[in-house]
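Listed below, chain by chain, are the residues.
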Amino acid sequence: FAMFGATVLVPLLTGLSVSTTLLCAGLGTLLFHFLCKGKVPAFLGSSFAYLGGFTIVTNGGANPENLPYACAAVALSGLVYVLFSALISAFGIRKMMKFFPPVVTGPIIIAIGLILAPSAITNCATNWLLAFAALGTVVVCNIWGKGMVKILPILLGVLVSYVVALVTGAVDFAPIAQADWFGIPIHTSALAKFDISSTLTIMPIALATMMEHIGDIAAISATTGKNYIREPGLNKTLLGDGLATSMAGLLGGPANTTYGENTGVLALTKIYDPRVMRIAALFAILMSFSPKFDAVINTVPTAIIGGVSFILYGMISAIGVRNVVENQVDFTNSRNLIIAAVILVSALGFNSLGGLTFQVAGVSITLSGLAIAAIVGILLNAILPGNDYQFDKVDTETAENPMNMQV
């Protein structure tokens, strides 16, 4: 239940298949557990960080035929995890994290949420009553909810507003009656197709989601009292997450990510057995083989999706802010101020222009605002003097989490 609301929200926002998404979440989780020797109680659901990339590649959903190209880019972004895992094994995590301090990753995460904000308003505008019902429920559950209610705000927001939609006659049940009870969740038309521009648009997002992964593993470590950054090792967990994301992209699903919501369930239940996560993965796989279940999910009105994403996209940016605050990034330092400023203006400015297009060997290549921001941010951080970030001071010794919400 903790993973379900956010996991199925991603395909509803992007146009991907709900069934394929659930299959990829289940298979990805099992693959992650296999590579991590079954030691880490983590569940891999859909990542929201890649929504901006999907929006750019599909032109805001106007060109759904481009979804396979976005999925191929997701598959290749998973290989960035694999490469980073290999570099950690070769050089150690301290040296590698010097290239990705919070002053770089924080503003990138902030930009992801801000780029997505207009689509949330567009969806809400289709029915503001349903949007406010969803938004209000999410807020109430987050602020005043106790126990599982506080952990399931997205799912409850969808359910409560869906009841309002039923009462007001805003739900069309025809697709449910037409859907079969059993079907294969993988569609050949949705399988990955490779394109250079889509790849360069989406791959750099992995630089931010890798940092999110590290935060989630640290959070799970703090919750269970076991340091998974050391055993089975961050290189193993990154490898598992990356290969799961590559598999999902190749099958036509969204990127995977370790879920902060499930860390909340660990803290609430005090049950840390990884087998529970594997059982949840099997349930996700089972549900993926029912087109009728897929049809039920797709009856959720657009306005409800807008209401939930209204708060969700804002929370993505807020997580970026929290990232820089909790890591005590000093913005009185001109170096940090310049890096953050250039990242934000590059991401938002170039995004408003549709990215930067240029020709290489007769091939037209487009870099998105996020891609440009990530590249420029990493380069500035490497070139400008004064990089004093120490990853192990925050994470490897104490295993405390600076970014424990899934993006």
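Residues numbered from 1 in each chain as written. Predicted model: local features only at pLDDT ≥ 70, side-chain atom pairs only at ≥ 80, totals over all residues. Heavy atoms only, no water.

Caption draft 1: Spatial organisation of the nonpolar core. If you look at the biggest cluster of nonpolar residues, it comprises 94 residues, and the most contacted ones within it are Phe-48, Tyr-50 and Phe-84. Excluding its chain neighbours within four sequence positions, the residues that come into contact with Tyr-50 are Val-74, Ser-77, Tyr-81, Ile-202, Ile-205, Ala-206, Thr-209 and Ala-255. (Core = buried A, V, L, I, M, F, W, Y, C linked by side-chain atoms within 4.5 Å. Buried < 20%, exposed > 50% of the residue type's maximum accessible area, 1.4 Å probe, protein only. Contact = heavy atoms within 4.5 Å.)

Caption draft 2: Representation of the layout of surface pockets. Of the volumes computed, that of the largest pocket is approximately 710 Å³. Along the wall of the largest pocket there are 30 residues; nearest its centre are Leu-13, Thr-55, Gly-60, Gly-61 and Ser-119. Of all the secondary-structure elements, those providing two or more residues to the lining of the largest pocket are α1 (4–14), α3 (51–57), α6 (102–124) and α17 (302–326). Among the elements that line the lining of the largest pocket, the one with the most residues is α6, at 6 residues. Across the lining of the largest pocket, the residue classes break down as 16 nonpolar, 14 polar and no charged. (1 Å grid on protein atoms, 1.4 Å probe; cavity = no way out; pocket = protein on both sides within 12 Å on 5 of 7 lines; lining within 4 Å. Points joined across faces, edges and corners; volume = space filled by probe spheres on them. Helix = DSSP H or I, 4+ residues; strand = E, 2+ residues; numbered from the N terminus. Nonpolar A, V, L, I, M, F, W, Y, C, P; charged D, E, K, R; others polar.)

Caption draft 3: Structural context of the packing of helix α7 (residues 128–144) against helix α9 (residues 153–167). It is at 8 Å that the axes of α7 and α9 come closest, and there the two elements cross at 145°. Read as a crossing pair, α7 and α9 show a hand that is right-handed. Along its contact with α7, which presents Leu-129, Leu-130, Ala-133, Ala-134, Thr-137, Val-138, Cys-141 and Asn-142, the element α9 presents Pro-153, Ile-154, Leu-156, Gly-157, Val-160, Ser-161, Val-164 and Ala-165. Here the contact of α7 with α9 is built from residues that sort into 12 nonpolar, 4 polar and no charged. (Axes fitted to C-alpha atoms, helices over the stretch in contact; angles between N-to-C directions. Left-handed = near helix turned anticlockwise from the far one by under 90°.)

Caption draft 4: Fine view of the confidence of the model for the chain. In this model, the chain carries a mean pLDDT of 85, and residues with pLDDT of at least 70 account for 95%. Ranking the helices and strands of the chain by mean pLDDT puts helix α2 (residues 18–35) first, with 94, and helix α20 (residues 391–394) last, with 59. Note that pLDDT drops below 50 for residues 394–406; the model gives that stretch 57 contacts with residues more than four away or on any other chain. (pLDDT = per-residue confidence, 0-100.)

Caption draft 5: Representation of unusual backbone geometry in the model. For the peptide bond that leads from Glu-231 to Pro-232, omega is 15°, which places it in the cis range. Inspection of the secondary structure puts Pro-232 in helix α13 (residues 229–250). Here Lys-37, not a glycine, exhibits a phi torsion of approximately 60°, which is positive. Summarising the element assignment, Lys-37 is placed in the loop between α2 and β1 (44–46). In this model, Gln-328 sits at a positive phi of 55°, which is unusual for a non-glycine residue. Mapped onto the elements, Gln-328 comes out in the loop between α17 and α18 (334–352).

Caption draft 6: Expanded view of α9. Given a rise of 1.5 Å per residue, 15 residues ought to cover 21 Å, and the 21 Å separating the end C-alpha atoms of α9 matches this to within 8%. Regarding α9, the residues found buried are Pro-153, Ile-154, Leu-155, Gly-157, Val-158, Ser-161, Tyr-162 and Ala-165. Looking one or two residues past α9, Gly-169 carries a phi angle of roughly 70°, positive in sign. (Expected span 1.5 Å × (residues − 1).)

Caption draft 7: Expanded view of a nonpolar patch on the surface. A cluster of nonpolar residues, Ile-121, Trp-128, Phe-132 and Phe-310, forms a patch on the protein surface that exposes about 390 Å² of accessible area. Within the fold, Phe-310 resides in helix α17. According to the relative accessible area criterion, Phe-310 is partly exposed, its value standing at 36%. (Patch = residues over 30% accessible without salt bridge, like charges linked within 9 Å, V, L, I, M, F, W, Y side chains within 5 Å. Areas by Shrake-Rupley, 256 points an atom, 1.4 Å probe, with all protein chains shown as cover. Salt bridge = Lys/Arg side-chain N within 4 Å of Asp/Glu carboxyl O.)

Caption draft 8: Seen up close, the environment of Thr-21. With respect to the helices and strands, the residue Thr-21 is situated in helix α2. Among the residues examined, Thr-21 registers a relative accessible area of 2% and is labelled buried. With 231 residues separating them in the primary sequence, Thr-21 and Gly-252 have C-alpha atoms 8.1 Å apart. Sequence-distant contacts of Thr-21, that is, excluding residues within four places in its chain, are made with Thr-7, Pro-11, Ser-46 and Pro-254. Within polar-contact distance, the side chain of Thr-21 engages the backbone oxygen of Ser-17 at 2.8 Å. (Polar contact = N/O pair within 3.5 Å; in protein donor to acceptor, adjacent residues only side chain to side chain.)

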